[in-house]
Amino acid sequence: MTSAPKTMRAVVNAGAGGTEVLELQRRPVPQPGIGQIRVRVHASALNRADIAQRLGRYPAPAGVPADIPGLEYAGEVDALGDGVMLWSLGDRVMGIVGGGGHAEYLCVHEREVLPVPRGLSWEEAAAIPEVFLTAYDALFRQVEARLGECVLVHAVGSGVGTAALQLARAAGITVIGTSRSPEKLTKAKELGLELAIDASRDWAGGVEQLVGANAIQAIVDLVAGDYLAGNLRVLATRGRLVVVGHTAGRRTELDYAILMSKRLRIVGTVLRARPIEEKIALAREFADRALPLFDRGTLRPVVDTTFSFADVRGAHERMEANESFGKLVLVWD
């Protein structure tokens, strides 16, 4: 192990509520266990889950800090636990965690960790893990999107949306993206979005005008709420829907007749609470199949704004304003 300080800075939810509950506090530096590495975190990113946790609506899973948010990190290996074989001190790494990412140090199992692609800054690396792993899992493991299919991505300007767009394009999949912001749709086109739909209008009708009725093989839905009726309407027979987020609400009506007659499949997904074995399997598959595409320039992280951790409240406020395109990244000064 290297000689790390005894305490570290960390963002702490000092209660449930608005951004005023966010504080920078000193906490003990964690020590790696068997098979774990300790990472000195240089950058992390903000996710909707961090907002929900701050509001008291999404508690951290067991085994991670209950009051330190943060689901991803980018940094360098600072210490090795017993039995570690994959990493060396000083290696540039990134990955996802169930919590604790908004601290200067964290410990994680070595097989969950990914190498930082060549040439990327800490800020760019921090914008990769949560959104690209989530999008990869949703597209290829949950709804099994394939070459030649047409996939609909709701909230295409979000972090997961921009990642799903790029991954699908790299796999030869036609993407239709929705957003309520014309500016975000314009930026998404710069990432390769072929067909854009203004979701503030009849987006289902817009999809049908572009590609015809019942023509969508798979949908990645980051909005939920009353989008379900339109999703069922545009899906082809035996189409697949994966719900990744529910920013528009958790409940709506389901027309079973459409679900049954089209033989549709609806899947819900979340990464945070999955067993470590599943997270390791996803990380290793992503490392083999998708990570090389960053080195080639086929995939790239999308950073909207970089904030100092001292201004974490400002980052939360920007995310809640729903103005960002891509990721909001936090860095330690």
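Going along each chain's sequence as written, the residues are numbered from 1 onward. Since the coordinates come from a predicted model, pLDDT governs what is reported: local features require at least 70, and pairs of side-chain atoms require 80 or more to be given and counted, while whole-chain, interface and lining totals use all residues. Only hydrogens and water are set aside; all other atoms, that is, all heavy atoms of the structure, feed into the side-chain values.

Draft legend 1. Just the overall build of the protein chain, in detail. Only runs of H or I of at least four residues qualify as helices and only runs of E of at least two qualify as strands under DSSP, and these elements are numbered from the N terminus. For the protein chain, the helix and strand inventory stands at eleven helices and 15 strands. Here the globule rule reads 2.2 Å times residues to the power 0.38, and the radius of gyration is calculated from C-alpha atoms. Radius of gyration (C-alpha) of the protein chain: 20 Å, near the 20 Å computed for a compact globule of 333 residues. With the C-alpha coordinates of the protein chain rotated into their principal frame, the extents come out at 65 × 40 × 35 Å. With a 1.4 Å probe rolled over the protein chains alone, any residue whose accessible area is under 20% of its type maximum counts as buried; one over 50% counts as exposed, and the rest are partly exposed. Classification of the 333 residues of the protein chain by burial places 55% in the buried group.

Draft legend 2. Seen up close, unusual backbone geometry. Despite not being glycine, R238 shows a phi value in the positive range, around 65°. Residue placement: R238 occurs in strand 12 (residues 235-243). Overall, the relative accessible area of 55% leaves R238 in the exposed class. The phi dihedral of N322 falls on the positive side, at around 60°, and the residue is not glycine.

Draft legend 3. Region of interest: empty space enclosed by the protein. Buried and open spaces are told apart on a 1 Å grid over the protein atoms alone, a cavity being a set of points where a 1.4 Å probe fits but cannot get out and a pocket being an open set with protein on both sides within 12 Å along at least five of seven lines. Residues with an atom within 4 Å of a point are the lining residues. Grid points are joined across faces, edges and corners, and a volume is the space filled by probe spheres set on the points. Scanning the model with the defined rule gives one cavity of 30 Å³ or more in all. In terms of lining, the largest cavity is formed by L71, I96, V97, E130, L271, R272 and K279. The classification used treats Ala, Val, Leu, Ile, Met, Phe, Trp, Tyr, Cys and Pro as nonpolar, Asp, Glu, Lys and Arg as charged, and all other residues, Gly among them, as polar. Considered class by class, the residues forming the lining of the largest cavity number four nonpolar, no polar and three charged.

Draft legend 4. Focus on the nonpolar core. Each nonpolar core is a collection of buried residues, namely Ala, Val, Leu, Ile, Met, Phe, Trp, Tyr and Cys, held together in the definition by side-chain atoms within 4.5 Å. Within the largest apolar cluster, 56 residues are counted, with the highest numbers of intra-cluster contacts made by M94, L114, F132, L139, V151, L167 and F286. With seven residues, the single largest contributor to this core is helix 3 (residues 129-142). Contact criterion: two residues are considered in contact whenever any of their non-hydrogen atoms come within 4.5 Å of each other. In this view, V151 contacts L139, A145, I173, T174, V175, I176, A218 and V220; residues no more than four positions away in its chain are not counted. Within the second largest apolar cluster, 24 residues are counted, among which are L46, V84, V93 and V97.

Draft legend 5. Broad picture of helix 7 (residues 227-234). Within helix 7, six of the eight residues are buried, which leaves the element mostly enclosed by the surrounding structure. The complete set of buried residues in helix 7 reads Y227, L228, G230, N231, L232 and V234. Those residues of helix 7 that are buried are in contact with strand 8 (150-153), helix 6 (203-211), strand 11 (216-221), strand 12, helix 8 (256-261) and strand 13 (265-268).

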